[in-house]
Structure formats: structure tokens, C-alpha cells
Amino acid sequence: SEVFPEARFIVMTRDGRAVVASGLLVPWDPASHGPQRWSWGEFSPEERERWQASGYSFITLAAIGWVKVMRAQELAVRDIAPERVLEIRYEDMCSEPIELFRRAVAFGDLPWTSGFERVIAGASLQNQNHKWKEDLTPAQQGEVEEWLAGTLARHGYA
């Protein structure tokens, strides 16, 4: 915003429980290798204590990572005029992709084209937010929900 004062920002949010579960399944997710290989900054004392208390659980580590990313996102847009920020949700993109992309394109003051619409219409977007309930054990679900509770609530996922 300081470099480009007229810039507009699109912020996408997804249910942190789904992000945690999904991230643990992919080898490139920074949390899947431990905090020494991620770029989300140092642990706060609370985060370090929580991670240690979990027995160095990668579930807790991934949850800490999502909270850090969400905090950074919140701070990044905090002082930007609301009309310069478009907040979208992953599940809305999956359920109404053309409508959502039309909003995003209009927000960016860009032209909508039939070719772009065809690409979006041809994409297979399926909301996978529910899969965390299948991929995580009940104990892991509780661990994730406990750590993410406040951030999930602030973003409408509680």
C-alpha cells in the first residue's frame, strides 16, 4: 500500500481446520517439516509452550502456522481503506466461481472477457472444507479446534 497507494487487495480466507488438514497431506507445506523450515517467523512464548505441550505435534504446528498467517493478513489490511480490500472466501469461490470472479475482476477495474469466463466455467472447484473431519482423528480435531478457536470465530468459522 505504501509503494502503490492506489493498489487494491484481494484477501482469501479458508476454514483453518481444512487448511491444517490439507497442509499436512502435501510435502511442500512448511509445517510438514517443522518450524526450522518455515517462513512464518519465530514462535511466541505461548506458541512454543503449546507446541512443546502437544509433544511437538505437526497438527499443532500447522495450526500455529495458520494462525500466524491469519494474523499477518489481518495486520496487512488493518490500515488500508476498506474500499481497497475485497475479502473473499474459499467456499464462495467453489460454490459460485463466476459470480465471485466477476466481483474480483470488477474490483480490480479489469475487463471481463468471455474467454476468461469459459476458463472459470471449465474449472472443477469443489469445496473440500469438510474433509478435515474425515482426515483428522477426533483427538486431532479437538487439538486443532482448541488452538484455532479465536481465529476461526473472528473469520466466521466457529
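As the structure is a computational prediction, the values presented were derived from the model and not from experiment.

Examining helix α3 (residues 58–78)
Link 1 in the chain: Here α3 is 21 residues long and its end C-alpha atoms lie 30 Å apart, about the 30 Å a rise of 1.5 Å per residue gives.
Link 2 in the chain: Taking the backbone nitrogen of Ile59 as reference, a side-chain oxygen 3.0 Å away marks Ser57 as the first, capping residue of α3.

Some words on the side chain of Thr151
Link 1 in the chain: Considering the arrangement of structural elements, one finds Thr151 in helix α8 (residues 138–154).
Link 2 in the chain: Not counting chain neighbours up to four residues away, the residues in contact with Thr151 comprise Trp66, Val67, Met70 and Glu74.

Thoughts on the nonpolar core
Link 1 in the chain: With 21 residues, the main nonpolar core has Val20, Trp66 and Leu148 as its most contacted residues.
Link 2 in the chain: Of the residues forming this core, the biggest block, 8 residues, is contributed by α3.
Link 3 in the chain: Grouped together as the second largest cluster of nonpolar side chains are 8 residues, Tyr90, Cys94, Leu100 and Ala104 included.

Here's the deal with the packing of helix α1 (residues 16–23) against α8
The geometry of a pair of packed helices is captured by two quantities: the angle between their axes and the separation between those axes.
Link 1 in the chain: Running from N to C, α1 and α8 cross one another at 135°; their axes reach a closest spacing of 9 Å. Considered as vectors, α1 and α8 are oriented oblique to each other. Residues Gly16, Arg17 and Val20 of α1 pack against Val144, Glu145, Leu148 and Leu152 of α8.
Link 2 in the chain: Taken together, the residues that form the contact of α1 with α8 break down as 4 nonpolar, 1 polar and 2 charged.

Considerations on the pattern of salt bridges
Link 1 in the chain: Per the stated rule, a full pass over the model turns up 9 salt bridges.
Link 2 in the chain: A salt bridge links Arg71 to Glu47; its shortest N-O distance comes to 3.3 Å. Of the two residues, Arg71 is situated in helix α3 and Glu47 in helix α2 (residues 45–53); the sequence distance between them amounts to 24 residues.
Link 3 in the chain: Of the residues examined, Glu47 reaches a relative accessible area of 1% and is grouped as buried.

Considerations on the packing of α3 against α8
Link 1 in the chain: Closest axis-to-axis distance for the α3/α8 pair is 9 Å, and the angle between their directions is 5°. With respect to α8, the axis of α3 lies roughly parallel. Where α3 abuts α8, its residues Ile59, Thr60, Ala63, Ile64, Trp66, Val67, Met70 and Glu74 lie against Gln140, Glu143, Val144, Trp147, Leu148, Thr151, Leu152 and Arg154.
Link 2 in the chain: For the contact of α3 with α8, the class distribution of residues is 10 nonpolar, 3 polar and 3 charged.

Some details on unusual backbone geometry
Link 1 in the chain: We note that Tyr56 has phi near 65°; this positive angle belongs to a residue other than glycine.
Link 2 in the chain: Examined against the element boundaries, Tyr56 turns out to sit in the loop between α2 and α3.
Link 3 in the chain: Of note in this structure, Asp109 is not a glycine but carries a positive phi near 55°.
Link 4 in the chain: By the secondary structure assignment, Asp109 is in the loop between α5 (97–107) and α6 (114–122).

Examining the packing of aromatic side chains
Centre distance and the angle of the planes are the two values used to describe a pair of aromatic rings.
Link 1 in the chain: In the structure shown here, the tally under the stated rule is 4 aromatic pairs.
Link 2 in the chain: Seen from their ring centres, Phe43 and Trp51 are 5.5 Å apart, and the 50° between their planes marks the pair as tilted. Each member of the pair, Phe43 as well as Trp51, is classed as buried.
Link 3 in the chain: Where Phe101 meets Phe116, the ring centres are 6.1 Å apart and the plane angle is 80°; that geometry is what we call edge-to-face. Placement of Phe101 in helix α5 and of Phe116 in helix α6 is noted, with a sequence separation of 15 residues between them.
Link 4 in the chain: Phe116 sits in the partly exposed class, given a relative accessible area of 32%.
Link 5 in the chain: An aromatic cluster is defined as three or more aromatic residues linked by ring pairs; in this entry it consists of Phe43, Trp51 and Tyr56.
Link 6 in the chain: Directly above the aromatic system of Phe107 lies the positively charged group of Arg8, at a separation of 5.9 Å from the ring centroid.

Rules behind the numbers
Residues numbered from 1 in each chain as written. Predicted model: local features only at pLDDT ≥ 70, side-chain atom pairs only at ≥ 80, totals over all residues. Heavy atoms only, no water. Helix = DSSP H or I, 4+ residues; strand = E, 2+ residues; numbered from the N terminus. Expected span 1.5 Å × (residues − 1). Polar contact = N/O pair within 3.5 Å; in protein donor to acceptor, adjacent residues only side chain to side chain. Contact = heavy atoms within 4.5 Å. Core = buried A, V, L, I, M, F, W, Y, C linked by side-chain atoms within 4.5 Å. Buried < 20%, exposed > 50% of the residue type's maximum accessible area, 1.4 Å probe, protein only. Axes fitted to C-alpha atoms, helices over the stretch in contact; angles between N-to-C directions. Parallel < 35°, antiparallel > 145°, perpendicular 65-115°, else oblique. Nonpolar A, V, L, I, M, F, W, Y, C, P; charged D, E, K, R; others polar. Salt bridge = Lys/Arg side-chain N within 4 Å of Asp/Glu carboxyl O. Phe/Tyr/Trp six-rings, centres within 6.5 Å; stacked < 30°, edge-to-face > 60°. Lys NZ or Arg CZ within 6 Å of the ring centre and 35° of its normal.

Bear in mind that shape data such as this cannot, by itself, settle questions of function.
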